[in-house]
Amino acid sequence: MNRLVKAIFALVALACVACDNKLEYGTTPNTVIASLGTPLNNEIWFTTTDALDLRNINETAFNVAIEDILYSEMEHSVIRFEGPLTTIGEGAFSHCTNLHNISLPDSVTEIDEEAFFECTGMECMTLGNGLRRVNVRAFDNCLALYTLHIPSIWCWCQIEFAGPTANPTYYSQTLIVNGKKVISLELPDIVDGVKPYAFYNNTAITEVSVAASVKEFGTKAFEGCDNIRKVSVADIAAWCATDFANETANPLSIAGELHVNGNRVTSLSLEGITEVKSQAFINCTSLQSLTAEDITTIGTEAFRACSSLRNVLLGGGTKELSGRAFMGCMALKNVTIKATTPPTLGDEYLFAYNAEGRMFYVPAESVELYKNGAMWEQYADYIVAIE
């Protein structure tokens, strides 16, 4: 056995120990395959848990035929295909219970339904930069998976996940980029959107920084990311214009604390901003006061559950306040609206669960219009003229 083979063998052994001991931040268990680079476009690299042949592989579930499977006890084994591999088909590795570590080439664009279903021994996985879609239950019951290597956050944000267990982070709960666990997630200015389920159940993330280029967040993009404590944005106008598919698409719904240009937001002035999109500031518990002199429209649940919000001032051009926009703002005492025509209210729960005795201050000439306005009448006893 020459020195090179011995060295590789030692690295494999070390990696397996790392996997067994589940090393902490800054380490990457079983990274031997990842450290060797990317497989050729007609290869998959893998190891098994028991140094035996891979069990239950469906050899017909790929877009090209398998040419050979080359097993090795010294380093990684190789599945070699007759041409470039683009699709890991339905059930391709389903019930391959001794699959331990696998690396896919950059040419793979799709992982199909249940492709890795119940690969209960798989602990480590490396994905290429060409992946664009993962179908339902692709990683269902991959209970041991906890190390997931990806090329970059930009690549990851390009992937369409068809559901929670289509995303391997459902089990791995973390991502590894360039050998480091992603704890502070930065969405750079080359990212224009985050796909549904993109960071589902990724409990390693504690902070999210969002560039102004990011325009939309897909359904449940951050659901289960329970350790996020801070969201940082560089451009508040861009943030107000961002589309969020649901509550947990917005990392702020979990973090509660918003920072703009490095400053913790307690007082928010939306100068020059005419619209705040739905759920933009949901659960922003650091926010205490809001001034929006130029606003015309506030979206559904835009400020719901901002539990520290006490004072709101809306300008004379305010036309529409969508459903539940300020619901659950338990500290909200004073709402000043300068519009002479009462804004349209999206539903009867828009100001539900505010502080007891919360008051509305409106132009003197419009007090009766507000008191008799559709859905405003429920607040008639709390509507008075601006002094």
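Residues numbered from 1 in each chain as written. Predicted model: local features only at pLDDT ≥ 70, side-chain atom pairs only at ≥ 80, totals over all residues. Heavy atoms only, no water.

1. Brief notes about the overall build of the chain
Okay, step 1: Summing up its helical and strand segments, the chain has seven helices and 30 strands in all.
Okay, step 2: Considered along the principal axes of its C-alpha atoms, the chain spans approximately 90 × 35 × 30 Å.
Okay, step 3: For the chain, with 387 residues in total, the buried portion stands at 53%.
Okay, step 4: Carbon together with sulfur atoms contributes 48% to the accessible area of the chain, which is approximately 16,300 Å² in total.
Okay, step 5: Computed over 25 positive and 46 negative side-chain charges, the separation of the two mean positions in the chain equals 6 Å. (Helix = DSSP H or I, 4+ residues; strand = E, 2+ residues; numbered from the N terminus. Buried < 20%, exposed > 50% of the residue type's maximum accessible area, 1.4 Å probe, protein only. Areas by Shrake-Rupley, 256 points an atom, 1.4 Å probe, with all protein chains shown as cover. Lys, Arg positive; Asp, Glu negative; His and termini not counted. Charge placed at Lys NZ, Arg CZ, Asp CG, Glu CD.)

2. Observations regarding the pairing of strand E25 (residues 311–314)
Okay, step 1: Only one face of E25 is buried: it carries Val312 and Leu314, and the other face, with Asn311 and Leu313, is open.
Okay, step 2: Here strand E23 (residues 289–292) pairs with E25 via four bridges, running parallel. Of the residues in E25, the one forming a bridge with Thr291 is Leu313.
Okay, step 3: In this structure, E25 lies alongside strand E27 (residues 334–337), joined through four bridges in parallel fashion. (Pairing = 2+ DSSP bridges.)

3. Focus: the sheet that holds strand E11 (residues 176–177)
Okay, step 1: Strand order in the open sheet made by the eight strands is E2-E3-E1-E5-E7-E9-E11-E12, with mixed pairing throughout. At either end of the open sheet lies a strand with only one pairing partner, and these are strand E2 (66–70) and strand E12 (180–181).

4. What to know about the pattern of salt bridges
Okay, step 1: With the rule as written, the count across this model stands at 13 salt bridges.
Okay, step 2: Across the pair Asp50 and Arg55 runs a salt bridge whose closest N-O atoms are separated by 3.0 Å.
Okay, step 3: What makes Arg55 partly exposed here is its relative accessible area of 34%.
Okay, step 4: With its nearest N and O atoms 3.0 Å apart, the salt bridge here joins Glu293 to Lys338. Here Glu293 is found in the loop between E23 and strand E24 (297–298), whereas its partner Lys338 is found in the loop between E27 and strand E28 (344–345), with 45 residues between them in sequence.
Okay, step 5: For Glu293, a relative accessible area of 36% corresponds to the partly exposed category.
Okay, step 6: Counted as one network, the salt bridges with shared partners bring together Glu247, Glu301, Arg304, Arg324 and Asp347. (Salt bridge = Lys/Arg side-chain N within 4 Å of Asp/Glu carboxyl O.)

5. Section: the packing of aromatic side chains
Okay, step 1: Enumeration over the complete set of coordinates arrives at 24 aromatic pairs.
Okay, step 2: Grouping aromatic residues by their ring pairs yields a cluster made of Phe281, Phe303, Phe326, Phe351, Phe360, Tyr370, Trp376 and Tyr379. (Phe/Tyr/Trp six-rings, centres within 6.5 Å; stacked < 30°, edge-to-face > 60°.)

6. Section: the confidence of the model for the chain
A low pLDDT means the predicted coordinates there should not be read in detail.
Okay, step 1: Considering every residue of the chain, the mean pLDDT works out to 91; 91% of them sit at 70 or more.
Okay, step 2: Confidence drops under a pLDDT of 50 for residues 1–31, and excluding neighbours within four residues, the segment shows 45 contacts in the predicted structure. (pLDDT = per-residue confidence, 0-100. Contact = heavy atoms within 4.5 Å.)

7. Observations regarding the nonpolar core
Okay, step 1: Membership of the largest hydrophobic core comes to 110 residues, with the highest contact counts inside it found for Ile88, Phe93, Ile111, Phe116, Phe199, Phe281 and Phe326.
Okay, step 2: For Phe326, the contacting residues outside a window of four places in its chain are Leu290, Ile298, Phe303, Leu309, Val312, Leu332, Leu350, Phe351, Ala352 and Asn354. (Core = buried A, V, L, I, M, F, W, Y, C linked by side-chain atoms within 4.5 Å.)

8. Considering unusual backbone geometry
Okay, step 1: With a phi close to 65°, Tyr197 is a non-glycine residue in the positive phi region.
Okay, step 2: With respect to the helices and strands, the residue Tyr197 is situated in the loop between strand E14 (193–194) and strand E15 (207–210).
Okay, step 3: A positive phi angle, close to 60°, is found at Tyr353, a residue other than glycine.
Okay, step 4: Along the chain, the position of Tyr353 falls in the loop between E28 and strand E29 (359–362).
Okay, step 5: Since its relative accessible area comes to 58%, Tyr353 is described here as exposed.

9. Some thoughts on the environment of Phe46
Okay, step 1: Structurally, the position occupied by Phe46 is in strand E1 (residues 43–48).
Okay, step 2: It is 8.0 Å that separates the C-alpha atoms of Phe46 and Ile79, two residues lying 33 residues apart in sequence.

10. A closer look at the environment of Val210
Okay, step 1: Summarising the element assignment, Val210 is placed in strand E15.
Okay, step 2: For Val210, a relative accessible area of 6% corresponds to the buried category.
Okay, step 3: Spatially, the C-alpha atoms of Val210 and Leu187 are 5.0 Å apart, while their sequence positions differ by 23 residues.
Okay, step 4: Leave out the neighbours within four places in its chain, and Val210 touches Leu187, Phe217, Ser232, Val233, Ala234 and Trp239.

11. What about the state of the cysteines?
Okay, step 1: All told, the structure shown has zero disulfides when counted by the stated rule.
Okay, step 2: We note that Cys155 lacks a disulfide partner, and the nearest cysteine sulfur, in Cys157, lies 9.5 Å from it.
Okay, step 3: Using a relative accessible area of 9% as the deciding quantity, one classes Cys155 as buried.
Okay, step 4: With no disulfide of its own, Cys225 has Cys157 as its nearest cysteine by sulfur position, at a separation of 12 Å. (Disulfide = S-S within 2.5 Å.)

12. Side note on the sheet that holds E15
Okay, step 1: Judged by pairing direction, the sheet is mixed, and its five strands sit side by side in the order E13-E15-E17-E19-E20 without closing on themselves. Each end of this open sheet is capped by a strand with a single partner; those strands are strand E13 (184–187) and strand E20 (263–264).
Okay, step 2: Relative to strand E19 (residues 258–260), strand E17 (residues 230–233) is paired through three bridges, and the arrangement is parallel. Of the residues in E19, the one forming a bridge with Ser232 is His259.

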